[in-house]
Amino acid sequence: AVQCTQGTIQAAPNFDAGRDAEILRKAMKGFGTDEQAIIDVVANRSNDQRQKIKAAFKTMYGKDLIKDLKSELSGNVEELILALFMPRTYYDAWSLRHAMKGAGTQERVLIEILCTRTNQEIREIVNCYKSEFGRDLEHDIRSDTSGHFERLLISILMSLLQGNRDENQTVDYQKAQEDAQRLYQAGEGKLGTDESCFNMVLASRSFPQLKATIANRDLLSSIDREFSGNVERGLKAILQCALNRPAFFAERLYYSMKGAGTDDSTLIRIVVTRSEIDLVQIKQMFAQMYQKTLATMISSDTSGDYRRLLLILCCGENPRIA
């Protein structure tokens, strides 16, 4: 059965882009910035409505809203508000570009986006990456990764671009058994590991089909034994999304805040990208898995306007937190 999912952010009723643009202009005009007014508008509008506010702002004032926000805000709250104003596909493309830009590569960002998006979403991301950054995503992945991890990401990218990941929700249980046996023989059933077999099955089968395949054999444990590092993380991400996508994102959120320091970029990216899709289910899984609410962990790990905005996005209401 297809599970119903729900975002914490819905389109605001009685929406008026011009009125919102006026509120934002007033919040940034003159000495000082009224962050609370900006938060109240941004957090309570859908992504589509935020695009309309950007357009209205330019029409009414002849100014670029994003440039104005950048000059008025700083730190994590700036990163969060700018992310909320990016169209969803552009934000994914931007995140991939920044993960591979400069020294070092943020492999977990590549895994999180490439291993969890649909055929259509990946096609749109590739086109956006080309039109906005003038670059080829496949070329950048090949330049920035190597070995089995590179082959896995390219397998996924090509499979989704060509529409080869089956998106039919019905499950072929016979094929699931055959795939489970094939993966066993490619991994534990032989000396060495046939990585291409894992890539082919995990990049081309639908998520419900993979879920049925996992039921035949404990593939997560197999991957633990047969692979390591980024390849292991990538393969596991696909299987975790097949089993329980909200649980995958709940785990990523938990580890973005666990221990000393906070991985703010991951926290921001997941809250923003899932806020209109399945953040309600992610919060439920988070509470089940970690015996504390997502809001509690955000409250103790962040502060000020940044905390206030994250909590509104997660809880769908204005929290009374100083």
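All of the points below concern the structure found in this document. (Residues numbered from 1 in each chain as written. Predicted model: local features only at pLDDT ≥ 70, side-chain atom pairs only at ≥ 80, totals over all residues. Heavy atoms only, no water.)

1. Observations regarding unusual backbone geometry
Non-glycine residue Asn14 carries a positive phi angle of around 50 degrees. Within the element layout of this structure, Asn14 appears in the segment before α1 (17–28). Its identity is not glycine, yet Gln291 carries a phi of approximately 55 degrees, on the positive side. You can see Gln291 is positioned in the loop between α17 (279–290) and α18 (294–301). (Helix = DSSP H or I, 4+ residues; strand = E, 2+ residues; numbered from the N terminus.)

2. Some words on the layout of surface pockets
Each pocket or cavity is described by its volume, and for the second largest pocket that value is around 340 Å³. Around the second largest pocket sit Arg108, Ile111, Arg233, Lys236, Ala237, Gln240, Phe248, Glu251, Arg252, Tyr255, Ser256 and Asp263, which together line it. Listing elements by their share of the lining of the second largest pocket, those giving two or more residues are α7 (107–114) and α15 (229–257). Of all the elements, α15 adds the most residues to the lining of the second largest pocket, at nine residues. In the lining of the second largest pocket, the residues fall into four nonpolar, two polar and six charged. (1 Å grid on protein atoms, 1.4 Å probe; cavity = no way out; pocket = protein on both sides within 12 Å on 5 of 7 lines; lining within 4 Å. Points joined across faces, edges and corners; volume = space filled by probe spheres on them. Nonpolar A, V, L, I, M, F, W, Y, C, P; charged D, E, K, R; others polar.)

3. Considerations on the packing of helix α16 (residues 264–274) against helix α19 (residues 304–315)
Their axes nearest at 11 Å, the elements α16 and α19 cross at an angle of 35 degrees. The chirality of how α16 crosses α19 is left-handed. Between α16 and α19, the contacting residues are Asp264, Leu267, Ile268 and Val271 on the first element and Tyr306, Leu310, Leu313 and Cys314 on the second. A class-by-class count of the residues in the contact of α16 with α19 yields seven nonpolar, no polar and one charged. (Axes fitted to C-alpha atoms, helices over the stretch in contact; angles between N-to-C directions. Left-handed = near helix turned anticlockwise from the far one by under 90°. Contact = heavy atoms within 4.5 Å.)

4. Some words on the pattern of salt bridges
In total, this model carries 18 salt bridges according to the counting rule given. Arg88 serves as the salt-bridge partner of Glu121, at 3.1 Å between the closest nitrogen and oxygen. With Glu121 in helix α8 (residues 119–133) and Arg88 in helix α6 (residues 88–100), this residue pair connects regions lying 33 residues apart in the sequence. In this structure, Lys236 engages Glu232 in a salt bridge whose closest nitrogen and oxygen atoms are separated by 3.1 Å. Linking Lys236 with Glu232, this pair stays in helix α15, spanning four residues, or about one helical turn. (Salt bridge = Lys/Arg side-chain N within 4 Å of Asp/Glu carboxyl O.)

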